[in-house]
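Spelled out, the chains give:
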Amino acid sequence: MKARILTVGTKMPRWVQEGVDEYYKRIQPMLSTEIVELTAAKRAKNPSDANVAQYCELEGQTILAAHATAGREQLWVLDVKGKMLSTEDLAGKLTDAMQQGDDIALVIGGADGVSQDVLAQADIKWSLSALTLPHPLVRVVLMEQLYRAMSLNNNHPYHRGN
């Protein structure tokens, strides 16, 4: 199984790249992972609500185009209104995808969220927290949680929950 993280935005701060790189190295033996950075829509200095909807739509098209290049790939969208999962729930969903022979694409939307088109196509809508998290931090948290869930699935001592 392969996991692709489709993330809107480029040029992350060094601390983000260091955190992502650390978990990327750790997870590779358990789950082949690729981070696909997608260009964010150009934003106006003082955007209106109409502009924001347009940004989401443009970024949504980019996300869906990137997803369409894959074969059998479930679309998991990170969304504040999605379902919260425990580590054990996430580990189970990863196991289910593996058993079905599916790859997964995990979507981190842009600064204004994801479009309705992307949400409509999502196999899973997942919320990391009821808190609003900055998108750079979400990359690190997502990689750590994938590593933690795969550690649990592989009986690695990293996850000591319960």
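Shown above is the structure to which this text applies.
For every chain, the first residue of the written sequence is number 1, and numbering continues from 1 along that sequence. Reporting of local features is limited, given that this is a predicted model, to residues whose pLDDT is at least 70; pairs of side-chain atoms are given and counted only at 80 or more, and all residues count toward the totals for whole chains, interfaces and linings. Excluding hydrogens and water, the side-chain figures rest on all heavy atoms present in the structure.

1. Looking at the environment of Glu-88
Mapped onto the elements, Glu-88 comes out in helix H3 (residues 87-100). It is 8.9 Å that separates the C-alpha atoms of Glu-88 and Asn-153, two residues lying 65 residues apart in sequence. Starting at the N terminus, helices and strands are each numbered in turn, a helix being any DSSP run of H or I of at least four residues and a strand any DSSP run of E of at least two.

2. Notes on the packing of H3 against helix H5 (residues 135-153)
Where H3 contacts H5, the two axes come as close as 8 Å, and the packing angle between them is 75°. The orientation of H3 relative to H5 falls into the category roughly perpendicular. Each of Thr-87, Glu-88, Leu-90, Ala-91, Leu-94, Thr-95 and Met-98 in H3 lies in contact with H5, whose residues at this interface are Gln-145, Leu-146, Arg-148, Ala-149, Met-150, Leu-152 and Asn-153. Its residues assigned to classes, the contact of H3 with H5 comprises eight nonpolar, four polar and two charged. Helix axes are fitted only over the stretch in contact, all axes being lines through C-alpha atoms; the angle between N-to-C directions runs from 0 to 180 degrees. Angular relationships are summarised with four words: roughly parallel below 35 degrees, roughly antiparallel beyond 145, roughly perpendicular across 65 to 115, and oblique for the angles in between. Here, two residues are considered to be in contact whenever any of their heavy atoms come within 4.5 Å of each other. For this scheme, ten residues count as nonpolar: Ala, Val, Leu, Ile, Met, Phe, Trp, Tyr, Cys and Pro. Four count as charged, namely Asp, Glu, Lys and Arg, and the remainder, Gly too, count as polar.

3. Comments concerning H5
In a helix, the anticipated span is given by 1.5 Å times the number of residues less one. With 19 residues, H5 extends 27 Å between its outermost C-alpha atoms, agreeing within 8% with the 27 Å of an ideal straight helix rising 1.5 Å per residue. In the stretch just after H5, Asn-155 is the one whose phi turns positive, near 55°.

4. Some points on the pairing of strand E3 (residues 73-84)
Both faces of the sheet carry side chains from a regular strand, because those side chains alternate between them. Relative to strand E4 (residues 103-108), E3 is paired through five bridges, and the arrangement is parallel. Each bridged residue has a counterpart across the sheet, and for Leu-75 the counterpart in E4 is Ala-105. A right-handed crossover is one whose linking path, passing over the helix from the first strand to the second, runs clockwise when the strands point away from the viewer. After leaving E3, the chain enters H3 and then returns to the sheet as E4, a path that is right-handed. As defined by bridge partners, E3 adjoins strand E5 (residues 124-127) across five bridges and the pair is classed as parallel. Looking at the pairing, Val-77 lines up with Lys-125 of E5. Here, any two strands with at least 2 DSSP bridges between them count as paired.

5. Brief notes about the sheet that holds strand E1 (residues 2-8)
Ordered in space as E2-E1-E4-E3-E5, the five strands form an open sheet in which the pairing is parallel. Only two strands of the sheet have a single partner each, and these edge strands are strand E2 (32-38) and E5. In this sheet, neighbouring strand axes are inclined to one another by 30° on average, regardless of whether the strands run parallel or antiparallel. Sheet strands touched by helix H2 (residues 49-68): E1, E2, E3 and E4. Its angle to E1, the strand with the most contacts, is close to 160°. Contacting E1, E2, E3, E4 and E5, H5 runs over the sheet at an angle of about 155° to E4.

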